[in-house]
Amino acid sequence: MMSTDSNLNPHESFKLARDMQRLSNLKAIPGNWFCFFVSLSMGLSFGFLCNQQVVWVFISIAIFHITLYIQKRKTGLWPFGFAPFMGQVNSFKPNRSFWKKMKMNLAVQLISLVIVLSLCASYVDILEFRDKGNWWVPIASGVIMGLAMFIILVNSNSYFRNKYSVQNNE
Amino acid sequence: MSNSSFDELIHAPIRLKICSFLSPTGSVEFPIIRDMLQVSDSVLSKHIKQLENAGYVKQRKGSAHGHKRSWVYLTTSGREAFKKHIKELQKIIEVSTDL
């Protein structure tokens, strides 16, 4: 049998592993600057979409990709919730408590979906308003979208930060 | 400890930290693991090599912006072994608390 250089007892080893997983998850939670730029990208793209400026929509979407690239490069990890796969897992037994752990994610995604869909549903109305001379309507729509996204992202980040914070889980 | 789920290779603190840090992620760059574990390049390389020899981790080498980079990730068998090891640790803790 291979010799081990570990003097840790099972309790300490388990705690060490759990804390490292928490640190890994904490590192994947993006900062407020990330939330700001993602929201800015969403707000701008929706605002330009409402104003039928297609080129600017694509330029705004590019902000999202640049932000994601910078975050990945900075931390080496995909930002929480933006990984192109299932992403970070948060438990040694992900299957057993999967739904329990996913409830916050689902709630956040559902709220953002409702906001996005409600704004998209009013897209035709927005165009009509704009064409009647209310030039500020696309700007207002973009601001609402951006703000809603920012609030959702910041709140979900703070939820995950609390969840994985070692101090709060001791 | 003779139980097959208890993995002596993973149990060493630095290797346990490496596996735990990698387990929630896809792949992580070498310097990030080094900074997180606060160990030197050579120490980390040694431990990663041991895990690599056991088939638990793999390294992917590439270059970005003219610099050579190396990403480390847990293999399927590494994830399995890590999960089993943690399960075994939990069992041991449960038994010891029941006594």
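The residue count restarts for each chain, going from 1 along the sequence in the order it is written. Chains and ligands are labelled sequentially in the order written, the chains with letters from A and the ligands with numbers from 1. With the structure being a predicted model, the display of local features is reserved for residues of pLDDT at least 70 and the display and counting of side-chain atom pairs for 80 or more, all residues being used for whole-chain, interface and lining totals.

### Brief notes about the overall build of chain A
For the record, the criterion: Helix and strand definitions here come from DSSP, where helices need a minimum of 4 consecutive H or I residues and strands a minimum of 2 consecutive E residues; each element is numbered from the N-terminal end. Whether a residue is buried, exposed or partly exposed follows from its count of other C-beta atoms within 10 Å of its own C-beta, namely 20 or more, 12 or fewer, or something in between, respectively; the C-beta atoms are built from the backbone. Residue pairs qualify as contacts under a 7 Å threshold applied to their C-beta atoms, which are placed from the backbone.
Scanning chain A for helices and strands turns up seven helices and zero strands. Secondary structure elements of chain A, listed N to C terminal, follow the sequence α-α-α-α-α-α-α. Across the 170 residues that make up chain A, the buried fraction comes to 29%. For chain A, restricting intrachain contacts to residue pairs at least 6 apart in sequence, the fraction spanning at least 24 positions comes to 71%.

### Looking at the nonpolar core
Note the threshold: What makes a nonpolar core is a set of buried Ala, Val, Leu, Ile, Met, Phe, Trp, Tyr and Cys residues, with links drawn between C-beta atoms within 7 Å.
The biggest cluster of nonpolar side chains holds 30 residues, and the ones touching the most others in it are B:Ile18, B:Cys19, B:Leu22 and B:Val57. Once you skip the residues sitting within four places of it in the chain, B:Ile18 turns out to touch B:Ile33, B:His47, B:Ile48 and B:Leu51. A:Val38, A:Leu44, A:Ile126 and A:Val137 belong to the second largest nonpolar core, which has 15 residues in total.

### Regarding the packing of helix H2 (residues 13–22) of chain B against helix H4 (residues 41–53) of chain B
Residues and elements named next belong to chain B. Under the convention used in this document: Structural elements are reduced to axes, namely lines fitted to C-alpha atoms, with helices fitted over the stretch in contact, and the angle between N-to-C directions of any two is expressed from 0 to 180 degrees. By the definition adopted for this analysis, an angle is roughly parallel if under 35 degrees, roughly antiparallel if over 145, roughly perpendicular if from 65 to 115, and oblique otherwise. Nonpolar residues are Ala, Val, Leu, Ile, Met, Phe, Trp, Tyr, Cys and Pro. Charged residues are Asp, Glu, Lys and Arg, and all others, Gly as well, are polar.
Closest axis-to-axis distance for the H2/H4 pair is 10 Å, and the angle between their directions is 70°. The orientation of H2 relative to H4 falls into the category roughly perpendicular. Here Ile-14, Arg-15 and Ile-18 of H2 come into contact with H4, specifically with His-47, Ile-48, Gln-50 and Leu-51. Taken together, the residues of the contact of H2 with H4 break down into four nonpolar, two polar and one charged.

### Comments concerning H2(B)
Most of H2(B) is tucked away: eight of the 10 residues are buried. Taken together, the buried positions of H2(B) are B:Arg15, B:Leu16, B:Lys17, B:Ile18, B:Cys19, B:Ser20, B:Phe21 and B:Leu22.

### Some words on the confidence of the model for chain A
Selection criterion: Note: pLDDT gives the predictor's confidence per residue, expressed from 0 to 100.
Summarising the model, chain A shows a mean pLDDT of 79, and 79% of its residues fall at 70 or more. The least confident element of chain A, judged by mean pLDDT, is helix H7 (residues 166–169) of chain A at 57; the most confident is helix H2 (residues 32–50) of chain A at 91.

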